[in-house]
Amino acid sequence: MPALNVEFSDRELEDLRQIAKERGTSMKALVREAAAADIARHRALQEGAEAFRRFFASHADEFAAAFPEDEPHIRGEGRVA
């Protein structure tokens, strides 16, 4: 399995040791779980943003009617496509 060397300050390393000890796990497992959780959160945010973009695009006319002052204008001709 590919590996990654990560550097920590002395304080961070001591904090990691303490947290791992409190949780009854290894430092390696603790760091890996934290990274995996961050990856999952990042993916979920990307998926949520994409769902919002699709929703907004499919309801663009409704948003334009509800919030006309937020619509961009070019030379006063109305909505930009």
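Up top you'll find the structure we're talking about.
In this numbering scheme, every chain counts its residues from 1 along its sequence in written order. Reporting in this predicted model follows two pLDDT cut-offs: at least 70 for local features of residues, and 80 or more for side-chain atom pairs to be given and counted; totals over whole chains, interfaces and linings ignore these cut-offs and use all residues. Neither water nor hydrogens contribute to the side-chain values; these are computed over all heavy atoms in the structure.

**A short note on the overall build of the protein**
Phase 1: The numbering of helices and of strands both runs from the N terminus, where a helix is a DSSP run of H or I of at least 4 residues and a strand a run of E of at least 2. Counting its secondary structure elements, the protein contains 3 helices and 0 strands.
Phase 2: Secondary structure of the protein in N-to-C order comes out as α-α-α.
Phase 3: Two things to know: the radius of gyration comes from C-alpha atoms, and the globule rule equals 2.2 Å times the number of residues to the power 0.38. Over its C-alpha trace the protein gives a radius of gyration of 23 Å, far above what one expects of a compact globule, namely 12 Å for 81 residues.
Phase 4: Taken over the C-alpha atoms alone, the protein extends approximately 65 × 25 × 25 Å along its principal axes.
Phase 5: Summary of the burial criterion: residues with accessible area below 20% of their type's maximum are buried, those above 50% are exposed, and those between are partly exposed, where the area comes from a 1.4 Å probe applied to protein chains only. Across the 81 residues that make up the protein, the buried fraction comes to 7%.
Phase 6: The method behind every accessible area is Shrake-Rupley, applied with a 1.4 Å probe, and residues are considered shielded solely by the protein chains displayed. As displayed, the protein offers around 7400 Å² of accessible surface, 56% of which is attributable to carbon and sulfur atoms.

**Here we look at the packing of aromatic side chains**
Phase 1: Centres within 6.5 Å make a pair out of two Phe, Tyr or Trp rings, where for Trp the six-membered ring is used; the pair is then stacked when the planes are under 30 degrees apart, edge-to-face when over 60, and tilted otherwise. Per the counting criterion, the structure on display carries 3 aromatic pairs.
Phase 2: The rings of Phe52, Phe55, Phe56 and Phe63 are connected pair by pair, giving a single aromatic cluster.

Function-wise, these values are silent; they only describe arrangement.
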